Amino acid sequence: MNHRKMGKVLHYINGQFTEGISGHVFPNLNPFNNEPINEIAEGFAEDIDLAVQSARKAFDEGPWRKMALKERLTYILRIADLIDKYGDEISYMESLDTGLPVAQTKKQAARAAENFRFYAEMVKSRMVGEAYQVDGSFINYTIHKPVGVAGLITPWNAPFMLETWKVAPTLATGNTCVLKPAEWAPLTANKLAEIIHEAGLPEGVFNVVHGFGETAGAALVAHPGVQLISFTGETTTGSEIIRNGAATLKRFSMELGGKSPAIVFDDADLDTALDAVVWQIFSFNGERCTANSRLLVHESIHDEMIARLKERLGNIRLGDPMDESTEVGPLIHRNHWENVTRYIEIARKEGAEVISTEIPEKFKSGNYVAPTVIYQANNQMTVAQEEIFGPVLTVIPFKTEEEVLRMANDVKYGLAAYVWTNDIKRGHRLAQAVDSGMVWVNSQNVRDLRVPFGGSKSSGIGREGGHYSFEFYTETQVIHVALDEQHIPKFGASK
Ligand code: NAD
């Protein structure tokens, strides 16, 4: 299959592609064969500073936030159209960079264009204030204003989609930004810069600085010229970022890790539940924040579920990410591969059974982990408590609703949950009792762009998505207007 080398990727600062001050580069590897794809400019604090200054100037002095909404949204819609135009190229680059199967990255590219269209629509129709009449003596009303310069820090697991998910509401609401994409998946962030350049946005409105978290990312978080940080990534990184942003009192949105349960009762439609559970853990090569990485299954159907999962494992198409028929590709990086395989070893050591398939010889140079099911497990095991972020499903039986609810909630995370039952009362009851930001009942993860997205506990702080993004990406200002004479104390008025 076609795995091309690519040209060097540069930063995008103040409307120009630039090498960066130090001139340093780092290699970008193809997860399919661990060969270099290209070199990436490595940004440091001084590059971040330039990018923030250009975003600051574009916000304070440029036309972006002051232009007529219709005009700003024309740019946003142009970006969406260009994403569609380059959809195949984006999905190719994403698969080359991340190992995600091309059939899945195509859908992500289409979704990315939707993010821009959606926020253009949303800003027009739903970014509305409120008015409070106060006894005929005041009218108080609220308006939303852009906050300033947004720092956007993104992970490698669905890079392009997640970048657009932050960039679209940031720009549509009139902010300017600096994006620091994940160092293991920089290609499509560069494509986004090219698209935004082609769409003709005023210089400095959108900037990208490539580089590592501890240097470029940390500098963005600490920069006094940045008002807000929207971060998606690991929980431990989220804590570090909040610590580092404290001195400059940033506003944070945190989309973090997960260990989400799928709870399957014996009255559920098992065929559908099986399809969904398999899809939810093995799509995106298992590198999905909302994956149902714990399958909590009623004891009466446990053995049948294991037998059917074994059958599925044997049929899942592991392959070249560029092959349209591939269902599971290689993991993003050798370091991550080592981490995931280490968890599988831990499961064995802690006494669980592990089933998986063989990796074909021709794929041995890539970061492949065969889809794996761990059973004879309990909820206290490491593989039931920690996020593995690979194609690894831990299966645990339960007896009663009380027991399964306890297990579902007995993890530090609270991102998503999936409940499978045909008992409508139980479905709602359990959904409402699970500690997680999102629950699906009798469904895989399908998401309407209008609804809130985010996690509870260690899975995140705040909600993005739909109009919920406005609370984060805008400043709410209240304006109090007196309508009659006010009884104002007259300090110092009389001698
Ligand atoms: P990560 O935390 O290692 O890195 C994410 C980003 O943060 C990268 O751009 C990285 O360079 C940067 N970074 C790292 N250290 C930093 C620091 N000290 N200061 C500033 N930036 C820093 O995460 P990852 O490994 O790229 O992504 C996988 C994780 O993301 C998983 O835990 C997954 O669950 C989570 N995730 C969550 C969601 C969600 O919406 N909740 C969605 C996708 C992924």
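The model shown is predicted, which means the values in this text are computed figures rather than measured ones.

The geometry of helix α3 (residues 87-98) relative to helix α5 (residues 159-172) is characterised by a closest axis approach of 9 Å and an angle of 115 degrees between their N-to-C directions. In this structure, α3 contributes Ile90, Glu94 and Thr98 to the contact, and α5 contributes Pro159, Phe160 and Met161. In the contact of α3 with α5, the residues fall into four nonpolar, one polar and one charged.

For the rest of this paragraph, the subject is empty space enclosed by the protein. Taken as a whole, this structure holds two cavities of 30 Å³ or more when the rule is applied. Taken as a whole, the largest cavity spans an internal volume of roughly 70 Å³. Along the wall of the largest cavity there are 14 residues; nearest its centre are Arg288, Ala291, Ser293, Glu387 and Phe389. Split by residue class, the lining of the largest cavity holds six nonpolar, five polar and three charged. Its volume calculated, the second largest cavity comes out at about 40 Å³. Lining the second largest cavity are 13 residues, with Pro261, Tyr413, Gly414, Ala416 and Asp435 positioned closest to its centre. Residue composition of the lining of the second largest cavity, by class: seven nonpolar, three polar and three charged.

Another aspect to go through is the nonpolar core. If you look at the biggest cluster of nonpolar residues, it comprises 92 residues, and the most contacted ones within it are Phe206, Val264 and Leu295. At nine residues, helix α4 (residues 102-126) tops the list of elements feeding residues into this core. A domain-level breakdown of this core finds at least three residues from each of domain 1 (11-256 + 459-479) and domain 2 (261-441). Phe265, Ile346, Met407 and Val419 belong to the second-largest nonpolar core, a separate cluster that totals 28 residues.

Moving on, we come to the site of the ligand. Close to the ligand lie 29 residues; Lys180, Glu183, Thr237, Leu256 and Glu387 are nearest. A distance of 2.9 Å separates an oxygen atom of the ligand from a polar atom in the side chain of Trp156. Backbone polar atom of Gly213 to an oxygen atom of the ligand: 3.3 Å apart, as the coordinates give it. Protein contact buries 93% of the 850 Å² of open area that the ligand shows by itself. Of the residues in the shell around the ligand, the class split is 15 nonpolar, eight polar and six charged. Both domain 1 (11-256 + 459-479) and domain 2 (261-441) contribute no fewer than three residues apiece to the shell around the ligand.

Moving on: the UniProt feature "domain: Aldehyde dehydrogenase" (unreviewed entry) in the protein. Per the UniProt record, "domain: Aldehyde dehydrogenase" (unreviewed entry) is annotated on residues 22-478. Note that residues 22-478 is 42% helix and 20% strand, and that its end C-alpha atoms are spaced 45 Å apart.

Another aspect to go through is the packing of aromatic side chains. The full count for this structure, using the stated rule, is 13 aromatic pairs. Aromatic pair Tyr418 and Trp440: ring centres 5.4 Å apart, planes at 15 degrees, arrangement stacked. Here the residue Tyr418 occupies a position in strand β18 (residues 416-420), and Trp440 occupies one in strand β19 (residues 438-441), the gap between them amounting to 22 residues. By relative accessible area, Trp440 is classed as buried at 10%.

Along its sequence, the protein is carved into domain 1 (11-256 + 459-479) and domain 2 (261-441). Contacts between the two partners involve 26 residues from domain 1, matched on the other side by 33 residues from domain 2. The contact between domain 1 and domain 2 buries some 2,500 Å² in all, and 61% of this surface belongs to carbon and sulfur atoms. Its largest share of buried area at the contact with domain 2, domain 1 owes to Phe32, Trp184 and Ser459, together 25% of the area lost on that side. The tally of links from domain 1 across to domain 2 stands at one salt bridge. Between Lys106 and Glu324 there is a salt bridge, with its nearest N and O atoms 2.4 Å apart. For the pair domain 1 and domain 2, the number of links is 13 residue pairs in polar contact (both at pLDDT 80 or more).

Procedures and definitions
- Residues numbered from 1 in each chain as written.
- Predicted model: local features only at pLDDT ≥ 70, side-chain atom pairs only at ≥ 80, totals over all residues.
- Heavy atoms only, no water.
- Axes fitted to C-alpha atoms, helices over the stretch in contact; angles between N-to-C directions.
- Helix = DSSP H or I, 4+ residues; strand = E, 2+ residues; numbered from the N terminus.
- Contact = heavy atoms within 4.5 Å.
- Nonpolar A, V, L, I, M, F, W, Y, C, P; charged D, E, K, R; others polar.
- 1 Å grid on protein atoms, 1.4 Å probe; cavity = no way out; pocket = protein on both sides within 12 Å on 5 of 7 lines; lining within 4 Å.
- Points joined across faces, edges and corners; volume = space filled by probe spheres on them.
- Core = buried A, V, L, I, M, F, W, Y, C linked by side-chain atoms within 4.5 Å.
- Buried < 20%, exposed > 50% of the residue type's maximum accessible area, 1.4 Å probe, protein only.
- Domains from an automatic or database assignment.
- Near = heavy atom within 4 Å.
- Polar contact = N/O pair within 3.5 Å; in protein donor to acceptor, adjacent residues only side chain to side chain.
- Areas by Shrake-Rupley, 256 points an atom, 1.4 Å probe, with all protein chains shown as cover.
- UniProt positions renumbered as here; feature names shortened; annotations may be inferred.
- Phe/Tyr/Trp six-rings, centres within 6.5 Å; stacked < 30°, edge-to-face > 60°.
- Buried area = accessible area lost by both parts, 1.4 Å probe.
- Salt bridge = Lys/Arg side-chain N within 4 Å of Asp/Glu carboxyl O.

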